Amino acid sequence: MSIAEFNKVAKNKELVSLDNGITVYILKWYNWYDHDGADGTLANYRYFYFKDNKLIQMDKGERATDLKIKIDKTTRNL
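Definitions and cut-offs
- Residues numbered from 1 in each chain as written.
- Predicted model: local features only at pLDDT ≥ 70, side-chain atom pairs only at ≥ 80, totals over all residues.
- Heavy atoms only, no water.
- Helix = DSSP H or I, 4+ residues; strand = E, 2+ residues; numbered from the N terminus.
- Buried < 20%, exposed > 50% of the residue type's maximum accessible area, 1.4 Å probe, protein only.
- Contact = heavy atoms within 4.5 Å.
- Core = buried A, V, L, I, M, F, W, Y, C linked by side-chain atoms within 4.5 Å.
- Phe/Tyr/Trp six-rings, centres within 6.5 Å; stacked < 30°, edge-to-face > 60°.

Examining the overall build of the chain
When helices and strands are tallied, the chain shows two helices and four strands. Reading the helices (α) and strands (β) of the chain from amino to carboxyl end gives α-β-β-β-β-α. Every one of the 78 residues in the chain was classed for burial, and the buried ones make up 23%. For the chain, restricting intrachain contacts to residue pairs at least 6 apart in sequence, the fraction spanning at least 24 positions comes to 24%.

Right, here's the structure in full:
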């Protein structure tokens, strides 16, 4: 999936990072719940990682240091 295709379907996204050909977006959505007398909202989210305009990963996020190590390893293998 390209960033343009992602932009068409992900209306409530937020740009998290744009660095060295890596673009990261977060997509959040909220679910209302009423359980055991407590009501409120529950946030769900996913991070979308694009490299050179192609989706390469989607997850609930990683620590910045873990992601940097992974990107560095990928870049060295090119």
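Alright, that's what it looks like, and here's the rest.
Regarding the nonpolar core
Counting seven residues, the largest nonpolar core is built from I3, F6, A10, Y25, L27, F48 and F50. Leaving out residues up to four positions away in the same chain, Y25 has contacts with I3, F6, N7, K13, E14, L15, V16, R46, Y47, F48 and F50.

Comments concerning the packing of aromatic side chains
A complete count under the given rule lists five aromatic pairs for this structure. On the basis of an interplanar angle of 40° and a centroid distance of 5.4 Å, the ring pair of F6 and Y25 is categorised as tilted. Of the two residues, F6 is situated in helix α1 (residues 3-9) and Y25 in strand β2 (residues 22-35); the sequence distance between them amounts to 19 residues. Residue classification places F6 among the buried positions, given a relative accessible area of 2%. The buried category is assigned to Y25, whose relative accessible area is 11%. Between Y25 and F50 the ring centres are 6.1 Å apart and the planes differ by 85°, which places this aromatic pair in the edge-to-face class. With Y25 in strand β2 and F50 in strand β3 (residues 38-51), this pair connects stretches of sequence that are 25 residues apart.

Notes on the side chain of S2
Along the chain, S2 falls in the segment before α1. Here S2 is in contact with F50 and N53, once residues within four sequence places are set aside.

Considering unusual backbone geometry
Glycine aside, residues mostly have negative phi angles, and peptide bonds mostly take the trans form. The residue N20 is not glycine, and still its phi comes out positive at about 50°. Along the chain, N20 falls in the loop between β1 (13-19) and β2. Phi is positive for N53, close to 70°, though the residue is something other than glycine. Here N53 is to be found in the loop between β3 and β4 (54-59).

Observations concerning the environment of T23
Mapped onto the fold, T23 is located in strand β2. In the structure, T23 is positioned 30 residues away from N53 in sequence and 8.0 Å away in space, judged by C-alpha atoms. In this view, T23 contacts I3, L15, S17, L18, F48, Y49 and F50; residues no more than four positions away in its chain are not counted.

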